[in-house]
Amino acid sequence: MRTGSRVLLVLLLLLPVWGSAAAHNGDLTVRPTCKPGFSEQDYTAFVSQNIMEGQKLLKVKFNNCAGNKGVRYETNSLDFKVRADGTLFAAHHVQMPSKQLILVVTAWDPQTLGRWEAMVRFLVAEKSQHNGHKPKGRKTLPGDLVQQQSDTLLPWRQHQSANGLRRQKRDWVIPPINVPENSRGPFPQQLVRIRSDKDKEIHIRYSITGVGADQPPMEVFSIDPVSGRMYVTRPMDREERASYHLRAHAVDMNGNKVENPIDLYIYVIDMNDNRPEFINQVYNGSVDEGSKPGTYVMTVTANDADDATTANGMVRYRIVTQTPQSPSQNMFTINSETGDIVTVAAGLDREKVQQYIVIVQATDMEGNLNYGLSNTATAIITVTDVNDNPPEFTTSTYSGEVPENRVEVVVANLTVMDRDQPHSPNWNAIYRIISGDPSGHFTIRTDPVTNEGMVTVVKAVDYEMNRAFMLTVMVSNQAPLASGIQMSFQSTAGVTISVTDVNEAPYFPTNHKLIRLEEGVPTGTVLTTFSAVDPDRFMQQAVRYSKLSDPANWLNINATNGQITTAAVLDRESDYIKNNVYEATFLAADNGIPPASGTGTLQIYLIDINDNAPELLPKEAQICEKPNLNVINITAADADIDPNVGPFVFELPSVPSAVRKNWTITRLNGDYAQLSLRIMYLEAGVYDVPIIVTDSGNPPLYNTSVIKVKVCPCDENGDCTTIGAVAAAGLGTGAIIAILICIIILLTMVLLFVVWMKRREKERHTKQLLIDPEDDVRDNILKYDEEGGGEEDQDYDLSQLQQPETMDHVLNKTPGVRRVDERPIGAEPQYPIRPVIPHPGDIGDFINEGLRAADNDPTAPPYDSLLVFDYEGSGSTAGSVSSLNSSSSGDQDYDYLNDWGPRFKKLADMYGGGEED
């Protein structure tokens, strides 16, 4: 070091021997066996920002343990290439886009198909720096700065110019610091030492900032503020954090910046401490049976948390076992890098093996089973069905039987065998009739459960036409057969169907049968023969005819030959005729077993004849007594139809002569005419005017109809007045007056009766009762607690209060003591109902009716009368009181009552031998 230099920062890398990280110091660990690979997993080189074409940048070292014969190198960048000796150079002029560029160099051994990768970092140096490269653990410095020790970097330096002045140089870019993960310590372990040559002049304090220092995670790295030694305080985990970016600071004792902060990049070197993990433990895939070798089945994927750019994270796959091992133990193979499972052998047959279970193993370290970590997963491969088995009939012929004239009947079941997947399109059968049924009498439907073909009648068969059918049927699947599969000879079969004869009903060939004739034909006229045909040609059967429906009972039918004759005159104007047609239904029945019958309808169209005379309309009318515009419009109605109806001829008869004298008819058209007065005045009244109406039939018919015409006085509008209408009804003026007087008298009597009823009702409400309200016992409280002075001062006839002997048949009780106030069981009498609004005259009747009801009521207790307690009834068995009697017989000794004390003194005086009052 020159004494004139003011600032010298020494970066001392103190890297202990940590696995492969010590290789850069030449302290390589000798392994028992050679392991192919790069000498370093991470190379670092300093380059300028502008790189010329062909400029050498770095040389990587690789050993395949076989003399590197045939080893080829390549990069993941088109800007750089690697020669056969491992020299990395620029393929063309490159302008570095940033301060750092990372690329991957791959070594490929064509003999073993092995691939190895290493990472190369290009750090852009300042303009004053020299381009060079730095393998891991070695620092490349400009020649004038190589001093003191081989592991010393001068990131901060000062040069002296030719005139003696010092010129400040830009800072160095410190190469990354690599720290292996999972180190066992001891901790803290020193990583690097930072020192400035100013510490000879002043006291320097060093510090670091950034994630892992003063930011979470805290205190992963620490620095001695005096010596500048930086330490790692605990084991690192690359899967938790792969790199750290720190900044180193140098300040004086007052906190003033002495040097510019420098960037420190710390990379955690990956160790193989994570097993590959499959995304799923069970994978499901499928492949069609009969697939060719190389058919894709599925992909399994395992992820390794280790660095994927190193062998620690490079996963390789292989198949461990296959179950079952039929028809070969290696039916499938797997791409070691992608995990794609494909078929490797032919012979997949779902009908033999429906499913394979394949155990797949994933191993890191590029599949090296000696050093790599492994994990397994299960791949379930289902062999899917293809239609490689045509359906086949179980027999070549089938037979069935069907009665004639029946439909939707299953006559035969066709059974087939198909080895494909049940209830799939490859298995579902479709049946077709190839020949033997040109008229389409049959169809074959598939049973969805059994796959059988059901031969069904869809169009009735006739025994007289076809006694048997010979069908040829073919079966196929919903899905077409697989390529190269041909239909089997057993996919066709014959079906014989026999038709059985049944008794069929006779039928009328022409149904409905229509005949035309004129109405009014006489009884017994033969109209037609309505015969039926028996379709059973091979049965000797007789057909009998009868009427089923003849609404007017106009027809007869011959029971043997079906001849129709009239039983009455046919009238077109009858209510049974609809649109000139009369309809009757007949029955034809054979004598088969069981008998069968058919119906036929006969329609008779009746041609109209002129057999109905016209009728005058209306039947009644009214007209004013004086001629004016008031006339009567008349027409005619004829039950016949054209041409036996209008135009009509209206005329007045010559007899009586008064008709033509008083009235006249004016024809309006063929159907209407007007009737009016001929004279100037006609007395009010009702007149019968006969009119002759003649139709236009051939021959024409006429009818004399009478119209009742009311002639009445009219007002100025030509309408009949009320009096005039009454007068026209046939009443004179006197009669009309008498009727009005009677109506007035009747209304007066009704009014007087109503007034009298209201006055009488008012008197009944205002008149007082005949008795004093205090003496009225209704709705009053009666007091019964006044007992008086006893029996001696009351003159009552007690015999009226005894239980009558005549009630013994009512009181069905056992002999013994009975209270007279006990309610006997018996029919209750109907007491009178008191009116809501009493009338003074009703009080006496109400009391008398109540007394009569009470006297006749055997169940009424004597609540309103004197209660007698000494009556026990006849035939009492109560021995304790049998000696007591209301009557004094004189033969009973009651002297013992004197010995009972003062409470029984009164009783002793009454019945004993005491002194009588």
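Residues numbered from 1 in each chain as written. Predicted model: local features only at pLDDT ≥ 70, side-chain atom pairs only at ≥ 80, totals over all residues. Heavy atoms only, no water.

Per an unreviewed UniProt entry, the protein goes by Cadherin-4 and derives from Lepidothrix coronata. Under Function (unreviewed entry), UniProt gives the following word-for-word description of the protein: "Cadherins are calcium-dependent cell adhesion proteins. They preferentially interact with themselves in a homophilic manner in connecting cells; cadherins may thus contribute to the sorting of heterogeneous cell types. May play an important role in retinal development." Per UniProt, the protein carries the Subcellular location (unreviewed entry) text "Cell membrane". (UniProt positions renumbered as here; feature names shortened; annotations may be inferred.)

**Student:** Talk me through the pairing of strand β3 (residues 42-47); I want residue IDs and the actual numbers.
**Tutor:** The side chains of a regular strand alternate, first on one face of the sheet and then on the other. Most of β3 sits inside the fold, with 6 of its 6 residues counted as buried. Across 6 bridges, the pairing between β3 and strand β12 (residues 114-124) is parallel. The residue of β12 that forms the bridge with valine 47 is valine 124. (Buried < 20%, exposed > 50% of the residue type's maximum accessible area, 1.4 Å probe, protein only. Helix = DSSP H or I, 4+ residues; strand = E, 2+ residues; numbered from the N terminus. Pairing = 2+ DSSP bridges.)

**Student:** So what's going on with the state of the cysteines? Which residues, and what values?
**Tutor:** Enumeration over the complete set of coordinates arrives at 1 disulfide. Shown here is the disulfide that connects cysteine 624 with cysteine 714, its sulfur atoms set 1.8 Å apart. With the S-S dihedral at roughly -105°, the linkage between cysteine 624 and cysteine 714 falls on the left-handed side. Of this pair, cysteine 624 sits in strand β49 (residues 620-624) while cysteine 714 sits in the loop between β55 (702-712) and α2 (722-728), placing them 90 residues apart in sequence. (Disulfide = S-S within 2.5 Å.)

**Student:** Break down the sheet that holds strand β51 (residues 649-651) for me, citing the residues and quoting the values.
**Tutor:** Spatial strand order, β49-β55-β54-β51: 4 strands in an open sheet with mixed pairing. Two strands bound the open sheet, and with one partner strand each, they are β49 and β51. Taken over all neighbouring pairs, the strand axes of this sheet differ in orientation by 35° on average, direction set aside. Inspection of the sheet shows β49 paired to β55 by 5 bridges, in the parallel sense. Looking at the pairing, isoleucine 623 lines up with valine 711 of β55. (Axes fitted to C-alpha atoms, helices over the stretch in contact; angles between N-to-C directions.)

**Student:** Any details on the packing of aromatic side chains? Residues and values, ideally.
**Tutor:** In total, this model carries 19 aromatic pairs according to the counting rule given. Summarising the aromatic geometry, the rings of phenylalanine 38 and tyrosine 73 are spaced 6.5 Å apart at their centres and angled 50° between planes, so their arrangement reads as tilted. One end of the pair, phenylalanine 38, is in strand β2 (residues 37-38); the other, tyrosine 73, is in strand β7 (residues 72-75), and 35 residues separate them in sequence. Phenylalanine 38 sits in the buried class, given a relative accessible area of 9%. We classify tyrosine 73 as buried; its relative accessible area is 13%. Relative to tyrosine 431, the ring of phenylalanine 393 has its centre 6.1 Å away and its plane inclined at 45°; by these criteria the two rings are tilted. Pair noted here: phenylalanine 393 is in strand β32 (residues 392-393) and tyrosine 431 is in strand β36 (residues 429-435), with a separation of 38 residues, a long-range link. Across the pair, tyrosine 431 and phenylalanine 393 agree in class, each one buried. (Phe/Tyr/Trp six-rings, centres within 6.5 Å; stacked < 30°, edge-to-face > 60°.)

**Student:** Residues and numbers for the confidence of the model for the protein, please.
**Tutor:** The predicted structure's coordinates, where accompanied by low pLDDT, should not be read in detail. Residues of the protein with pLDDT of at least 70 account for 77%, and the chain-wide mean is 78. Segment residues 127-154: pLDDT under 50, and 75 contacts once partners within four positions in sequence are set aside and those in other chains are kept. (pLDDT = per-residue confidence, 0-100. Contact = heavy atoms within 4.5 Å.)

**Student:** Got a sec to walk through the nonpolar core? Specific residues and values, please.
**Tutor:** The biggest cluster of nonpolar side chains holds 26 residues, and the ones touching the most others in it are Ile208, Phe221, Met230, Met236, Leu246, Leu264 and Ile266. Residue assignment for this core shows that the elements contributing at least two residues are β16 (177-180), β17 (189-196), β18 (205-210), β19 (221-223), β20 (229-232), β21 (243-251) and β22 (257-269). At 5 residues, β22 tops the list of elements feeding residues into this core. Excluding its chain neighbours within four sequence positions, the residues that come into contact with phenylalanine 221 are Leu191, Ile208, Gly212, Ala213, Tyr231, Val232, Thr233, Met236, Tyr244, Leu246 and Ile266. Among the nonpolar cores identified, the runner-up in size contains 25 residues, and Phe38, Tyr43, Leu58 and Leu88 belong to it. (Core = buried A, V, L, I, M, F, W, Y, C linked by side-chain atoms within 4.5 Å.)

**Student:** Before we move on, could you go through the sheet that holds strand β31 (residues 374-384) and cite the residues and values that matter?
**Tutor:** With mixed pairing, the 4 strands of this open sheet are ordered in space as β24-β31-β30-β27. Sheet topology places β24 (282-288) and β27 (316-323) at the edges, where each strand pairs with a single neighbour. This sheet shows a mean twist of 30° between the axes of neighbouring strands, independent of strand direction.

**Student:** Just give me the short version of a positive patch on the surface, but keep the residues and values in it.
**Tutor:** On the surface, a cluster of positive charge is made up of Lys56, Lys59, Lys61 and Arg83. Within the element layout of this structure, lysine 61 appears in the loop between β5 (56-59) and β6 (62-63). (Patch = residues over 30% accessible without salt bridge, like charges linked within 9 Å, V, L, I, M, F, W, Y side chains within 5 Å. Areas by Shrake-Rupley, 256 points an atom, 1.4 Å probe, with all protein chains shown as cover. Salt bridge = Lys/Arg side-chain N within 4 Å of Asp/Glu carboxyl O. Lys, Arg positive; Asp, Glu negative; His and termini not counted. Charge placed at Lys NZ, Arg CZ, Asp CG, Glu CD.)

**Student:** Describe the pattern of salt bridges, with residues and values.
**Tutor:** Under the counting rule described, the total for this entry stands at 17 salt bridges. Across the pair arginine 238 and glutamate 239 runs a salt bridge, and its minimum N-O distance is 3.4 Å. Given a relative accessible area of 14%, arginine 238 falls into the buried group. Here glutamate 239 falls in the partly exposed class, since its relative accessible area comes to 27%. Here the residues in one salt-bridge network are Arg238, Glu239 and Asp270, joined through shared partners.

**Student:** An account of the pairing of β7 is needed here, citing residue identities and associated values.
**Tutor:** Alternating residues of β7 divide into Tyr73 and Thr75, all buried, and Arg72 and Glu74, none buried. Two elements, β7 and strand β11 (residues 100-109), share 4 bridges in a ladder whose sense is antiparallel. Looking across to β11, one finds that glutamate 74 is bridged to threonine 106.

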